[in-house]
Amino acid sequence: MKVIIIEDEKPSARRLQRMLESLDMKVEVMLHSVEESINWFQNNPHPDLIFLDIQLSDGLSFEIFETIEIKSAIIFTTAYDEYALQAFKLNSIDYLLKPIDDEDLATAVKKYQERAPQKQAVTLDFNDIKKLLVNPLDREYKKRFSVKVGQHLKLINIDDIECFYSENKGTYLHTTEGRNYLLDTTLEQLEDELEPRTFYRINRKFFVNINAIKDMVSYTNSRLQIKLNSYNEQEVVVARERVKDFKMWLE
């Protein structure tokens, strides 16, 4: 099996090479830039597997794919956090957050080995990629929402919103004053519009504002019940599969 590493930080590339050798995987070559990688792919048979850093010294590694049709499986290595990676539409095997952990690497390699017979060409949605690679801390999020009240439009600042929720096929916001307003949007659309340090989607029906949480109580089936400052119309419960991530988000 032919394996290459594309990584601009040479110490990181050598460390990953040693980790792979400990898993009995031989690294054929290490490349360190977009330009070097394009030249290599134009003149060499493509490997079975690429360990690919997203940010290289001369640009994003996805620029390689704009010139070369890559036919290898890919495991991304990145310092980008998991939030930024949620919507990648890629045929990758896996991605590894730096600093790479031995156990995570072994799991990713095993996943590749199990899927290798069904290997497909990589497909990329560059608009998605360029949008998502903006650092979440630098991204512009909604500062206010407009809601209809009778024949009038009312502006509500994001800081005055305790939660967003869905009910009877509608999406609503609940304010710190205890008012509910219908929105012309969906919770799925809100995923890209809400600042992720402030709002968290605790289940299919709710986003909550961290500043509106009054109390948290252990609930059935390893879940958490959230008490908000003024909202009390439905139970607000963190889904069991999201409890671990929710606790990390709180910190």
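Cut-offs used in this document
Residues numbered from 1 in each chain as written. Predicted model: local features only at pLDDT ≥ 70, side-chain atom pairs only at ≥ 80, totals over all residues. Heavy atoms only, no water. Buried < 20%, exposed > 50% of the residue type's maximum accessible area, 1.4 Å probe, protein only. Helix = DSSP H or I, 4+ residues; strand = E, 2+ residues; numbered from the N terminus. Pairing = 2+ DSSP bridges. Phe/Tyr/Trp six-rings, centres within 6.5 Å; stacked < 30°, edge-to-face > 60°. Lys NZ or Arg CZ within 6 Å of the ring centre and 35° of its normal. Axes fitted to C-alpha atoms, helices over the stretch in contact; angles between N-to-C directions. Left-handed = near helix turned anticlockwise from the far one by under 90°. Contact = heavy atoms within 4.5 Å. Nonpolar A, V, L, I, M, F, W, Y, C, P; charged D, E, K, R; others polar. Patch = residues over 30% accessible without salt bridge, like charges linked within 9 Å, V, L, I, M, F, W, Y side chains within 5 Å. Areas by Shrake-Rupley, 256 points an atom, 1.4 Å probe, with all protein chains shown as cover. Salt bridge = Lys/Arg side-chain N within 4 Å of Asp/Glu carboxyl O. Lys, Arg positive; Asp, Glu negative; His and termini not counted. Charge placed at Lys NZ, Arg CZ, Asp CG, Glu CD. Expected span 1.5 Å × (residues − 1). Arc of directions from axis to C-beta. Polar contact = N/O pair within 3.5 Å; in protein donor to acceptor, adjacent residues only side chain to side chain.

(A) Local environment of the pairing of strand E7 (residues 94-97). Because side chains alternate across E7, one face comprises the buried residues Asp94 and Leu96, and the other comprises Tyr95 and Leu97, none of which is buried. Alignment of strand E6 (residues 73-78) against E7, held across 4 bridges, turns out to be parallel. What sits directly across from Ile75, in E7, is Asp94.

(B) Region of interest: the packing of aromatic side chains. Per the counting criterion, the structure on display carries 12 aromatic pairs. Seen from their ring centres, Phe145 and Phe164 are 5.2 Å apart, and the 55 degrees between their planes marks the pair as tilted. In this pair, Phe145 sits in strand E8 (residues 144-149) while Phe164 sits in strand E10 (residues 161-167), placing the two residues 19 residues apart along the sequence. Grouping residues by exposure puts Phe145 and Phe164 together as buried. These aromatic residues form a ring-pair network of at least three members: Tyr165, Tyr172, Phe206 and Tyr231. Taking the ring centre of Phe145 as reference, the NZ or CZ of Lys142 above it sits at 4.4 Å.

(C) Quick look at the sheet that holds strand E11 (residues 170-175). Taken in spatial order, the 5 strands line up as E12-E11-E10-E14-E13 in an open sheet, and their pairing is antiparallel. Strands at the two margins of the open sheet, each flanked by one partner only, are strand E12 (180-183) and strand E13 (199-201). Neighbouring strand axes in the sheet, compared pairwise and without regard to direction, differ in orientation by 20 degrees on average. Sheet analysis places E10 next to E11, joined by 6 bridges and oriented antiparallel. Its bridge partner being in E11, Ile161 is matched across the sheet by Thr175.

(D) A look at the packing of helix H1 (residues 10-21) against helix H5 (residues 102-115). Closest axis-to-axis distance for the H1/H5 pair is 11 Å, and the angle between their directions is 65 degrees. As H1 packs across H5, the resulting crossing turns out to be right-handed. Counted together, Leu16, Met19 and Leu20 of H1 and Asp102, Leu105 and Val109 of H5 form the full contact between these two elements. Classifying every residue of the contact of H1 with H5 gives 5 nonpolar, no polar and 1 charged.

(E) Inspection of the side chain of His32 at higher detail. Along the chain, His32 falls in the loop between strand E2 (27-31) and helix H2 (34-43). Leaving out residues up to four positions away in the same chain, His32 has contacts with Glu7, Asp8, Lys10, Ala13 and Ser57.

(F) Spotlight on the sheet that holds strand E17 (residues 237-238). An order of E15-E16-E17 is seen for the 3 strands of this open sheet, with the pairing classed as antiparallel. If you trace the sheet from one side to the other, it starts and ends with strand E15 (213-219) and E17, each paired once. Summarising the sheet, E15 and strand E16 (residues 223-228) pair through 6 bridges and their orientation is antiparallel. Bridge pairing links Asp215 to Lys227 in E16.

(G) Focus on the environment of His46. Looking at the secondary structure, you find His46 in the loop between H2 and strand E3 (49-53). Residues His46 and Val3 lie 43 residues apart in sequence; the distance between their C-alpha atoms is 9.2 Å. Setting aside its immediate chain neighbours within four residues, His46 contacts Phe41, Ile68, Glu69, Ile70, Lys71 and Ser72.

(H) Fine view of a negative patch on the surface. Side chains of Glu35, Glu36, Asp58 and Glu63 sit close together on the surface and give a patch of like negative charge. As for its placement among the helices and strands, Glu35 is situated in helix H2.

(I) A look at unusual backbone geometry. In this model, Asn168 sits at a positive phi of 50 degrees, which is unusual for a non-glycine residue. What makes Asn168 exposed here is its relative accessible area of 73%.

(J) Representation of H5 in the model. The end-to-end C-alpha distance of H5 is 20 Å, a good match for the 20 Å that 14 residues give at a rise of 1.5 Å each. Residues of H5 that are buried include every one of Leu105, Ala108, Val109 and Tyr112, and no others. What you see down the axis of H5 is that its buried residues fit within an arc of 100 degrees, all on one side. Across H5 from its buried face, at more than 90 degrees, point the exposed residues Glu103, Lys110 and Glu114. On the buried face of H5, the contacting elements are H1, E3, E6 and E7. Its side-chain oxygen at 2.9 Å from the backbone nitrogen of Glu103, Asp101 defines the N-terminal cap of H5.

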